[in-house]
Amino acid sequence: MTSGGNTIIRSVCKGVGSFLPRTVVTNNDLSKRVETSDEWIRKRTGISERRIAEDDETTVFMATQAAKNALEHSGLNGADIDGVIVATTTPDNTFPAVAVSVQSNIGAQHGPAFDVQAACCGFVYALSTADSMLKSGLAKRFLVIGAERFSSLLNWEDRTTCVLFGDGAGAIILEADENGTGDNSDRGILSCHLHADGTLRNLLYTDGGAGTTKSAGHVVMEGQDVFRHAITFMSDIVVETLDANGIEASEIDWLVPHQANIRIIEATAKKLDMDMSQVVVTVDKHGNTSAASIPLALDVAVKDGRIKPGQLLLFEALGGGLTWGGALLRF
Ligand code: UT7
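A short tour of the structure in this document, coming up. All chains use their own residue numbering, which begins from 1 and follows the written sequence. Selection of residues for local features in this predicted model requires a pLDDT of at least 70, selection of side-chain atom pairs for listing and counting requires 80 or more, and totals for whole chains, interfaces and linings are taken over all residues. Excluded from the side-chain calculations are hydrogens and water; all other atoms, namely the structure's heavy atoms, are used.

**Description of helix 10 (residues 293-303)**
Stated precisely, the cut-off is as follows: Between buried and exposed lies partly exposed: a residue is buried under 20% and exposed over 50% of the maximum accessible area for its type, with that area taken using a 1.4 Å probe on protein chains only. A run of H or I in DSSP counts as a helix once it spans at least four residues, and a run of E counts as a strand once it spans at least two, with each numbered from the N terminus.
Counting buried positions along helix 10 yields nine of eleven residues, so the element is predominantly enclosed. Buried within helix 10 are the following residues: S293, I294, P295, L296, A297, L298, D299, A301 and V302. Trailing helix 10 by a residue or two, G305 shows a phi angle of about 90°, which is positive.

Structure (structure tokens):
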């Protein structure tokens, strides 16, 4: 459809999928490795268990499984996909990108395939990138994946970080739909909002990399500082996203937040005056799966029937960088 002579393209969700590694690690399991307790982890984070990948469950493997699951959900084939973006901090190899392996594994041999690295905010960055490319006509269907084997980056002797994270992958298929009207009743991505403040890069990082130590390094986090910034930036981003679309918080059907800590999620919901029954929470079962957390949560709530076509979803995330962002999607 055209509006004022211009075609309005919307990136519409055609399917979602996910994959979780088979091994469940409980808080009690971790209390045998480091000085911690089930009570501390639950109370401070809301996490009760997480999945940790076995050797055969690489990032490419998990991303591919999530992609196949999303293709099945959409009724599309790999050959229908003409762009793949994987948000990840934990690629199997420094290069080539995880996305090119996924592309070949699903039989999609054309169009761009690349990774995006924005730590825990990676999925929102990848979603926004795909949305821009679809709107510019560069591709018709993008597969956007968040996949992390974050356990590989953990120092298993550091109780302040090793209890927080988990592994997994989630995927969404976006299709360019030229029938947008331009108002927020359209299905698809209505807006994306991305930010970074590199002066805060020392709050959450790995102490290594190919360019320095020649190995990936381990996660180091100033937990309290990241927590403080997360509370502020998550509140700011939801306000920015709502304002950009001229909508009230009461019009949001589901908040699908990055799953780092239940206390951060609750604070954002409170800011929106949303009941926690409208918030998708998976942090209890998945822990923080970094770039995979939003698409994993989305898949859970779509497949259990909570999220329905036509509903308005708000995504928001914050990660190392610091990077943060939000997106509004009419499902
Ligand atoms: O996804 C990217 C974004 N990441 C985040 O958003 C994470 C943000 N940060 C957080 O979620 C929280 O800051 C944490 C969960 C990391 C920590 O919670 P906190 O309430 O800020 O705890 P704290 O760091 O202030 O530590 C409180 C106490 C300390 O002991 P003292 O100094 O009071 O004696 C810690 O040493 O808890 C201790 N502690 C632990 N105790 C048992 C820290 N980790 C543990 C642990 N088990 N695993």
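More follows now that the structure is in view.
**Examining the site of the ligand**
Condition: Residues are counted as near a molecule or strand when any one of their heavy atoms sits within 4 Å of it. Here a polar contact means two N or O atoms within 3.5 Å. Within protein one must be a hydrogen donor candidate and the other an acceptor candidate, and residues neighboring in sequence count only if both atoms are side-chain atoms. With residues, only the protein chains shown are counted as cover, and all accessible areas are computed by Shrake-Rupley using a 1.4 Å probe.
Residues in contact with the ligand amount to 23 residues; listed here are only the nearest, T36, Q224, H258, N261 and N288. A distance of 2.8 Å separates an oxygen atom of the ligand from a polar side-chain atom of H258. Here N261 contributes a side-chain N or O atom positioned 2.7 Å from an oxygen atom of the ligand. Across the complex, the protein chains shield 74% of the 960 Å² of accessible surface that the ligand would expose by itself.

**Comments concerning the environment of I237**
Heads up, the condition is: We call two residues contacting when some pair of their heavy atoms lies within 4.5 Å.
The topology assignment puts I237 in helix 7 (residues 223-245). What makes I237 buried here is its relative accessible area of 1%. For the pair I237 and S11, spaced 226 residues apart in sequence, the C-alpha separation works out to 21 Å. In contact with I237, not counting residues within four places along its chain, are H193, H195, E316, W324, G325 and G326.

**Let's talk about the pairing of strand 14 (residues 323-330)**
As a reminder, the rule being used: Pairs of strands are assigned from DSSP output, requiring at least two bridges between the strands.
Counting buried positions along strand 14 gives eight out of eight residues, so the element sits mostly inside the fold. Side chains of strand 14 alternate between two faces, with T323, G325, A327 and L329 and W324, G326, L328 and R330 buried alike. As paired strands, strand 9 (residues 188-196) and strand 14 are joined by eight bridges and run antiparallel to one another. The partner of H195 across the bridge, within strand 14, is W324. As paired elements, strand 13 (residues 312-319) and strand 14 share eight bridges and run antiparallel to each other. Counted as the bridge partner of L312 is R330 from strand 14. Taking the residues between adjacent antiparallel strands as the criterion, strand 13 and strand 14 are bridged by three residues, where G321 takes a positive phi near 150°.

**Quick look at unusual backbone geometry**
In this chain, F95 is followed by P96 through a cis amide linkage whose omega measures 0°. The residue P96 is located in the loop between strand 5 (83-87) and helix 4 (98-106) in this model. Backbone torsion omega between G321 and L322 reads -15°, so that peptide bond is classified as cis. Relative to the assigned elements, L322 resides in the loop between strand 13 and strand 14.

**Observations concerning the nonpolar core**
Just so we agree on the cut-off: Side-chain atoms within 4.5 Å link the members of a nonpolar core, which is a set of buried Ala, Val, Leu, Ile, Met, Phe, Trp, Tyr and Cys residues. Those domain boundaries reflect an automatic or database domain assignment.
Formed by 43 residues in total, the largest nonpolar core has its most connected members in I252, L272 and L318. Elements with a contribution of two residues or more to this core: helix 7, helix 8 (262-271), strand 13 and strand 14. At seven residues, helix 7 tops the list of elements feeding residues into this core. A domain split of this core shows at least three residues from each of domain 1 (8-180) and domain 2 (188-330). If you look at the next biggest cluster of nonpolar residues, it comprises 39 residues, including Y125, A130, A139 and L174.

**Some points on the packing of helix 7 against helix 8**
To keep it simple, the criterion reads: Here an axis means a line fitted to C-alpha atoms, over the contact stretch when the element is a helix, while the angle between two N-to-C directions is reported on a 0 to 180 degree scale. Handedness of a crossing is defined here by the sense of rotation of the near helix relative to the far one, left-handed for an anticlockwise turn of less than a right angle and right-handed for a clockwise turn. Amino acid classes used here: Ala, Val, Leu, Ile, Met, Phe, Trp, Tyr, Cys and Pro are nonpolar; Asp, Glu, Lys and Arg are charged; the rest, including Gly, are polar.
Contact pair helix 7 / helix 8: the axes reach a minimum separation of 9 Å and the direction vectors enclose 35°. Our pair here, helix 7 against helix 8, has a crossing hand that is right-handed. Facing F227, A230, I231, M234, S235, V238 and V239 of helix 7, the residues of helix 8 in contact are R263, I264, A267, T268 and K271. The residue inventory of the contact of helix 7 with helix 8, partitioned by class, reads eight nonpolar, two polar and two charged.

**A closer look at the packing of helix 3 (residues 59-74) against helix 4**
The description of two packed helices rests on the angle between their axes and on the distance between the axes. Spelled out, the test is: In this scheme, roughly parallel covers angles under 35 degrees and roughly antiparallel covers those over 145, while 65 to 115 is roughly perpendicular and the rest are oblique.
For the pair helix 3 and helix 4, the least separation of the axes is 9 Å and the interaxial angle reads 50°. In this view, helix 3 runs oblique relative to helix 4, as classed from their interaxial angle. For the element pair helix 3 and helix 4, the recorded crossing hand is right-handed. Listed contacts from helix 4 to T59, V60, A63, T64, A67, K68 and L71 of helix 3 are V98, S101, V102, N105 and I106. For the contact of helix 3 with helix 4, the class distribution of residues is seven nonpolar, four polar and one charged.

Just geometry here; none of it tells us what the structure is for.
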